[in-house]
Amino acid sequence: NSFIAIKHHINGFPVESDFELKSQHLRLSAHPGSADIVLKNLFVSVDPYQIHRMKTPSPSHATSSAAPFITPGQVISVQGVAEVVDSDDPNFEKGDFVKGIIHWAQYSVVKARESALMKLDTLEFPLTYHLGILGMSGLSAYVGLFDVGKVKEGDKVFVSAASGSVGNLVGQFAKLLGCYVVGSAGSDQKVALLKEKLGFDAAFNYNHQKDLKSTLAKYFPNGIDIYFDNVGDEMLEAAVANMNPFGKVVVCGVISDYTKPKPRKGSPINMMEIVYKSITIQGFLVSDYLNVFQDFKSKAASYLRSSKMKAIEDISVGLHNIPSAFIGLFNGNNIGKTIVKIA
Ligand code: NDP
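Source: prediction; values computed, not measured. (Residues numbered from 1 in each chain as written. Predicted model: local features only at pLDDT ≥ 70, side-chain atom pairs only at ≥ 80, totals over all residues.)

Q: How should I be thinking about the overall build of the chain in this particular structure?
A: If you tally the helices and strands in the chain, you get 10 helices and 15 strands. The globule rule puts the C-alpha radius of gyration for 343 residues at 20 Å, and the 20 Å found for the chain is close to it. Viewed in the frame of its principal axes, the chain has a C-alpha envelope of about 65 × 45 × 35 Å. Per-residue burial for the chain yields a buried fraction of 44% across its 343 residues. Taking the contacts inside the chain whose residues are at least 6 apart along the sequence as the reference set, 65% of them involve residues at least 24 apart. (Helix = DSSP H or I, 4+ residues; strand = E, 2+ residues; numbered from the N terminus. Rg over C-alpha atoms; globule rule 2.2 N^0.38 Å. Buried ≥ 20, exposed ≤ 12 C-beta atoms within 10 Å, placed from the backbone. Contact = placed C-beta atoms within 7 Å.)

Q: What's the story with the sheet that holds strand E11 (residues 224-229) in this structure? I'm lost.
A: Within a sheet, each strand pairs with its neighbour through backbone hydrogen bonds, oriented either parallel or antiparallel. Taken in spatial order, the 6 strands of this open sheet run E10-E9-E8-E11-E12-E13, and their pairing is parallel. Single-partner strands in this sheet number two, and they are strand E10 (202-205) and strand E13 (280-283). Here the strands of the sheet are splayed against their neighbours by 15° on average, with no regard to which way each runs. As defined by bridge partners, strand E8 (residues 156-159) adjoins strand E9 (residues 180-185) across 4 bridges and the pair is classed as parallel. Among the inter-strand pairings, Val-157 is bridged to a residue of E9, identified as Val-181. Sitting on the sheet, helix H3 (residues 165-177) is in contact with E8, E9 and E11, with an inclination near 170° to E9. (Pairing = 2+ DSSP bridges. Axes fitted to C-alpha atoms, helices over the stretch in contact; angles between N-to-C directions.)

Q: Got a minute to help me understand the environment of Ala-67 in this structure?
A: Summarising the element assignment, Ala-67 is placed in the loop between helix H1 (50-54) and strand E4 (77-87). By C-beta crowding, Ala-67 is classed as partly exposed, having 16 other C-beta atoms within 10 Å. Sequence separation between Ala-67 and Ser-77 is 10 residues; the distance between their C-alpha atoms is 9.0 Å.

Q: In this structure, what is going on with the site of the ligand? I would like to understand it.
A: Around the ligand sit 29 residues in total, of which Gly-164, Ser-165, Gly-186, Gly-253 and Gly-332 are the nearest. Residue assignment for the shell around the ligand shows that the elements contributing at least two residues are helix H2 (136-148), H3, helix H7 (255-258) and helix H10 (322-331). Counting residues per element, the shell around the ligand draws most heavily on H3, which supplies 3 residues. Residue composition of the shell around the ligand, by class: 13 nonpolar, 14 polar and 2 charged. (Near = placed C-beta within 6 Å. Nonpolar A, V, L, I, M, F, W, Y, C, P; charged D, E, K, R; others polar.)

Q: How should the pairing of E8 be read in this particular structure?
A: Of the two faces of E8, the one carrying Lys-156 and Phe-158 and the one carrying Val-157 and Val-159 are both buried. Crossover connection from E8 via H3 to parallel E9: handedness right-handed. Note: E8 against E11, 3 bridges, orientation parallel. Paired with Val-159 across the bridge in E11 is Phe-228. (Right-handed = clockwise from strand over helix to strand, strands pointing away.)

Q: Please explain the pairing of strand E5 (residues 97-103) as it appears in this structure.
A: Each regular strand shows side chains that alternate between the opposite faces of the sheet. The buried fraction of E5 amounts to 5 of the 7 residues, a majority that puts the element mostly inside the structure. Here E5 pairs with strand E7 (residues 118-119) via 2 bridges, running antiparallel. The residue bridging Val-98 from the neighbouring strand is Lys-119, located in E7.

Q: Hey, could you run me through the environment of Ile-102 in this one?
A: Tracing the chain through its elements places Ile-102 in strand E5. Taking the C-alpha atoms as reference, Ile-102 lies 9.7 Å from Phe-43; in sequence the two are 59 residues apart. Residues within four places of Ile-102 in sequence aside, it is in contact with Leu-39, Asn-41, Val-44, Val-78, Gly-80, Ala-82, Ser-108, Val-110 and Ser-115.

Q: Looking at this structure, how should I read H10?
A: Residues that lie three or four places apart on an α-helix share one face, since the helix turns once every 3.6 residues. Among all positions of H10, only Ile-322, Pro-323, Ala-325, Phe-326 and Leu-329 are buried. Considering only its buried residues, H10 is in contact with strand E1 (2-6), strand E2 (19-23), H1, strand E14 (313-317) and strand E15 (337-341). Of the residues one or two after H10, Gly-332 is the one with positive phi, at around 75°.

Q: Can you walk me through the packing of H2 against helix H9 (residues 293-305) in this structure?
A: A packed helix pair is summarised by two numbers, namely the angle formed by the two axes and the spacing between the axes. The N-to-C vectors of H2 and H9 enclose an angle of 100°; their axes lie 10 Å apart at closest approach. One element, H2, and the other, H9, form an angle in the roughly perpendicular class. Packed against H2, whose contacting residues are Gly-138, Leu-139 and Tyr-142, the element H9 presents Phe-293, Phe-296 and Ala-300 at the interface. Among the residues forming the contact of H2 with H9, the class breakdown is 5 nonpolar, 1 polar and no charged. (Parallel < 35°, antiparallel > 145°, perpendicular 65-115°, else oblique.)

Q: Please clarify how helix H6 (residues 233-241) should be interpreted in this entry.
A: Here H6 has its buried residues at Met-235, Leu-236, Ala-238, Ala-239 and Val-240. Against the buried residues of H6 lie E8, E9, helix H5 (212-219), E11, strand E12 (243-251) and helix H8 (271-276).

Right, dumping it as structure tokens:
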């Protein structure tokens, strides 16, 4: 069984030589009485948060129990879609398609509960959608916007990393609700996608802006009600400067910090703006909102059926391409959900 491992902890910008393709012996039949399920991994998710798990374990690196540190040389657990090849669990049988926590590997042997394994009962949608638009990215966009941001029709919404997996879905959900939506992204190709294919009201390439505060003032002459933050830093500072009274900052991620050797000290925000404008800043972890998953999924599926939402995916092929797909997240190479097809 081939798998991708880190050679050592990664505390800065990841490079290909930090990773290795390894192999291990794995029994591809389920031992009677073990409740084991043997999976042939088909598609695996590639996500920015994995970089935290690759750092040298230390209390100063925030992780959650849902995302434990990764040990060099060991298999790396991730969300993925797989086919059951053998099972000693009565609820799963050979030929079932499932999603859950698998590995950056050809095969995985898992237990249903530990891997939060779910049978994909409908093959109505491509299997990859269960990792993006119908999976954790979609749920992150949905709960961030509705449960945390408490978005309302007509709100003026700004989203950063807007062509990314979560960001593009934030924009699509907000447009469906009748919001004014502007996104920022790192290339002209991404900006064109947001405006021409996904129906954003406006979008801009942040690399071409001299002053982000005045750029946002131009796109939001009546101020920002909700900023969905995927990146942090200067963009957060500029968004707060343009927020309306009682505006909300939904902190989904801080990707501009992830590859810095040390977490940023001090706030990029002028805190008096928070006071005078009564702004709420709230972070969230998607893993705390699994109770709304079915509700979210049925809405997203119905939007897909009626072509009101589009799935944007960035799929590369082969286990050996996982490191470059992962590094690409921090270089802005991906458009939409980053996935690697294993088999
Ligand atoms: P994306 O698909 O958005 O990929 C990452 C994108 O971030 C890149 O394409 C790039 O786009 C942008 N980016 C990379 N480096 C920087 C940088 N230094 N400054 C600004 N932008 C950068 O990833 P996801 O949609 O999976 O995740 C988006 C964010 O949401 C991440 O911060 C992630 O950690 C967070 N997240 C949080 C969850 C939660 O539970 N809170 C759940 C899922 C994701 P561009 O070219 O536009 O710069």
